[in-house]
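# Observations on the model geometry
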Amino acid sequence: MGGLAPRLRVVANERSCAPAHMARKPASKPTRGPGSTVSAFPDVAVAPRRARSEMSFDDQSLLGPLFGQFDANLVQVENRLGVFISARGDRVVIEGPQDSVARARDVLQTMYDRLARGDDLDAGAIEALIAMSNEPTLEGIINGELDAPPVMIRTRRKTIVPRSANQIPYMRQLAKDDIIFALGPAGTGKTYLAVAQAVSQLISGSVQRLILSRPAVEAGERLGFLPGDMKEKVDPYLRPLYDALYDMMPGDKVERAIAAGVIEIAPIAFMRGRTLADSFIILDEAQNTTREQMKMFLTRFGQNSRMVVCGDPRQVDIPGGDRMSGLADAVQRLEGVEGIAVTRFTAADVVRHPIVGRIVEAYEGKTE
């Protein structure tokens, strides 16, 4: 980030040490010599090599939010990576298995860099950094890779950085490709990041309109006839898109943009017969479109526009199931076509509460 923030200073790096219990208390001494990695008995598992890394911080005003209340952030890193972290003054010592110590050091460095840039740091952001710490691209999240710019989306209310490994290429696709298909389970940020990119481009003036759409299909239940005018009838289906918008823009600006037609939120049926130029167009819950609807929607694409199609192929709610879904059909036909990108998210990319990822993984592991 071109020196926007001071870096963590590593004072001592990964020297062998005695094993430490993964609790915040002194550990017992090892029975073998330090740094030993070979067992004397072939049938005994070899313990991972242990390491100790010491770090210090240049800006002490950031120590409070970095460590968290009652060291909650350090405890979160400890518990997730299986290391022991002790903090005294501006110094932090990390002990544990060598690979885990390296990951914990990278996570703490990235947390510090975020705070130094003025970004928020909450439990969800830390969880995401820990999840990504096993990826070689973690450093690129903050500083970009090689000569590439940093991977982030700026809106009026927040700056958004990737929170999972697959979000990195997805965010790059959102900035350069014409049509992007985002496939995967709920909670992976497919729609949220698309709305963020759309708001960013609307603010910058690179597009003139933001169009958000989704099929008006119940998720298995029958709601009957809804009261009210057309807007009141379809609003319940479009609520997730509103939620993402209000997270990116002040509420009064969202309302004024909707009233002026700059932001349009409508069911997919309202797209027929239109050509959408100078627009950022997002179709959510695309797995619940038919093949005919998907073809109709994709051919609305106009000059100087960008289109994002989001959906979970495993959550088809229309009659006929997977066989009738326009999303899988479109991806099969269009993947590899110039100007069209596809990102596939998995349970590992879920950025809600960690238990959501485990739930998704459990369901996806079941044979249909």
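Residues numbered from 1 in each chain as written. Predicted model: local features only at pLDDT ≥ 70, side-chain atom pairs only at ≥ 80, totals over all residues. Heavy atoms only, no water.

The next thing to look at is the overall build of the protein. The helix and strand tally for the protein stands at 12 helices and 12 strands. Here the protein holds 368 residues, and the buried ones make up 46% of them. Nonlocal contacts in the protein, meaning residues at least 24 apart in sequence, comprise 72% of its contacts between residues at least 6 apart. Accessible surface computed for the protein: about 18900 Å², of which carbon and sulfur atoms make up 52%. (Helix = DSSP H or I, 4+ residues; strand = E, 2+ residues; numbered from the N terminus. Buried < 20%, exposed > 50% of the residue type's maximum accessible area, 1.4 Å probe, protein only. Contact = heavy atoms within 4.5 Å. Areas by Shrake-Rupley, 256 points an atom, 1.4 Å probe, with all protein chains shown as cover.)

Let's shift gears to the nonpolar core. With 36 residues, the main nonpolar core has Tyr170, Leu210, Leu245, Ile282 and Val308 as its most contacted residues. At seven residues, the largest contribution of residues to this core is made by helix α7 (residues 190-204). When residues no more than four places from it in sequence are discounted, the contact partners of valine 308 are Tyr170, Leu174, Ile180, Ala194, Phe280, Ile281, Ile282 and Leu283. Grouped together as the second largest cluster of nonpolar side chains are 27 residues, Phe67, Ile94, Val101 and Ala104 included. (Core = buried A, V, L, I, M, F, W, Y, C linked by side-chain atoms within 4.5 Å.)

Bringing the environment of isoleucine 281 into the picture now. By the element assignment, isoleucine 281 lies in strand β10 (residues 279-283). We classify isoleucine 281 as buried; its relative accessible area is 0%. Once the C-alpha coordinates of isoleucine 281 and isoleucine 179 are considered, the two residues, 102 residues apart in sequence, prove to be 9.4 Å apart. If we ignore the near neighbours within four places in the chain, the residues touching isoleucine 281 are Ile211, Leu276, Phe297, Ser305, Arg306, Met307 and Val308.

Taking 1.5 Å per residue as the helical rise, helix α3 (residues 98-116) with its 19 residues ought to reach 27 Å, and the 27 Å between its terminal C-alpha atoms agrees with that figure. Extensive coverage of α3 is indicated by the burial of 14 of its 19 residues. Looking at the residues trailing α3, positive phi occurs at glycine 118, about 90°. (Expected span 1.5 Å × (residues − 1).)

The next thing to look at is the packing of α3 against helix α4 (residues 123-132). Across the interface, α3 lies against α4 with an axial gap of 9 Å and an inter-helix angle of 140°. On the basis of the axis angle, α3 is oblique to α4. Judged by the twist between their axes, the crossing of α3 over α4 is right-handed. Contacts between α3 and α4 involve Arg103, Val107, Thr110, Met111 and Arg114 on the former and, on the latter, Ala125, Ile126, Leu129 and Ile130. (Axes fitted to C-alpha atoms, helices over the stretch in contact; angles between N-to-C directions. Parallel < 35°, antiparallel > 145°, perpendicular 65-115°, else oblique. Left-handed = near helix turned anticlockwise from the far one by under 90°.)

With a phi angle near 55°, glutamate 285 is a residue other than glycine that sits in the positive phi range. Looking at glutamate 285, the relative accessible area reads 25%, which means it is partly exposed.

So, about the sheet that holds β10. Spatially, six strands are ordered β9-β8-β10-β11-β7-β12 in an open sheet, and the strand pairing comes out parallel. Each of the sheet's edge strands pairs with one partner strand only, and the pair in question is β9 (263-267) and β12 (340-344). Between one strand and the next, the sheet's axes are offset by a mean angle of 15°, whatever the strand orientation. Across five bridges, the pairing between strand β8 (residues 209-214) and β9 is parallel. Of the residues in β9, the one forming a bridge with arginine 214 is proline 267. (Pairing = 2+ DSSP bridges.)

Along helix α2 (residues 72-81), the residues that are buried comprise Asn73, Leu74, Gln76, Val77, Glu78 and Leu81. In this structure, the buried residues of α2 make contact with α1 (63-67), β3 (84-88), α3 and α4. Of the residues trailing α2, glycine 82 is marked for its positive phi of about 70°.

This paragraph deals with the packing of aromatic side chains. Per the counting criterion, the structure on display carries three aromatic pairs. Between phenylalanine 57 and phenylalanine 67, the ring centres sit 6.1 Å apart and the planes meet at 75°, which makes this aromatic pair edge-to-face. In this pair, phenylalanine 57 is assigned in the loop between β2 (50-56) and α1 and phenylalanine 67 in helix α1, connecting sequence segments 10 residues apart. With respect to class, phenylalanine 57 is no different from phenylalanine 67; both count as buried. (Phe/Tyr/Trp six-rings, centres within 6.5 Å; stacked < 30°, edge-to-face > 60°.)

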